[in-house]
Amino acid sequence: MTPADFDDKATFHDRRDAAALLAVRLKEIYDKRFLAEKEKPLVLAIPRGGVVTGDEIARWLEADLDVIISKKIGAPNNPELAVGAVMHDGSFFPNSDIISALGITEDYIKYQISEKMKEIERRLDKFRGSREYRLKGRTVILVDDGIATGATVFAAINWLKRQGLKELIVAMPVGPADTIKKLRQIIKDVVVLRSPIDFMAVGEFYDDFAQVSDDEVVEIMSKFRA
């Protein structure tokens, strides 16, 4: 199957299958630009599943690979409902409508940020060994294995917009139509293979959506650090 004949009724075999299809689409759109500017883009992947996706895309595009980590903060008694997301530097990107509708307190948000920061710091230390990023002037391709409500992706985008990038491209195998529409309102370059109206979860669009371990991420990242 090629990106040209891919439709919203098909499923991906696994993350690498989806990433290969996405990489072909990215090459079709951007390869001439990268070659003309003699530029090596940076693929920034959201762990853990997104690192497998990013590994395959980086291989196809002969790009660098790094990780970017944001963590969703869930609502009280409903952790799947995102009230926002926090980045590695502690910056918080709120879902103001949800916070207001539920009357979520500032104390709750501060506590959740402190708890999520512990996990972010653990992952940064394990996956890349540093909290410092040098992104000014780079073309960045932000990737994950899919997007649902998009709290972590929108937080990453907002943070990246402050880093002096040359260009930001967002690439996902799949995401619901309403979320993709919101993405395209804030980012010019959004590449997605599937954007169905009926959407329950990212995993339903994969035959194999096995959990990715920390060790798998470390193994992938070690290739690029070397």
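Residues numbered from 1 in each chain as written. Predicted model: local features only at pLDDT ≥ 70, side-chain atom pairs only at ≥ 80, totals over all residues. Heavy atoms only, no water.

Q: Just checking my understanding: could you explain the environment of P94 for this structure?
A: Inspection of the secondary structure assignment puts P94 in strand β5 (residues 92–94). It is 9.9 Å that separates the C-alpha atoms of P94 and F154, two residues lying 60 residues apart in sequence. The contact partners of P94, leaving out residues within four places of it in the chain, are V83, G84 and I99. (Helix = DSSP H or I, 4+ residues; strand = E, 2+ residues; numbered from the N terminus. Contact = heavy atoms within 4.5 Å.)

Q: Just checking my understanding: could you explain the pattern of salt bridges for this structure?
A: This structure, assessed with the given rule, holds 20 salt bridges. Across the pair R25 and E28 runs a salt bridge, and its minimum N-O distance is 3.9 Å. Taken together, the residues R25 and E28, both in helix α1 (residues 15–36) and three residues apart, mark about one turn of the helix. With a relative accessible area of 57%, E28 lands in the exposed category. One salt bridge in this structure joins K27 and D31, with 3.5 Å as the shortest N-O distance. Remark: D31 and K27 occur in helix α1; sequence separation between them is four residues, near one turn of the helix. (Salt bridge = Lys/Arg side-chain N within 4 Å of Asp/Glu carboxyl O. Buried < 20%, exposed > 50% of the residue type's maximum accessible area, 1.4 Å probe, protein only.)

Q: I'm lost on the nonpolar core in this one. Help?
A: Membership of the largest hydrophobic core comes to 77 residues, with the highest contact counts inside it found for L26, I68 and L142. Ignoring sequence-local partners within four residues, the contact set of I68 consists of L44, A45, I46, P47, M87, Y133, L142, A156, W159 and L160. (Core = buried A, V, L, I, M, F, W, Y, C linked by side-chain atoms within 4.5 Å.)

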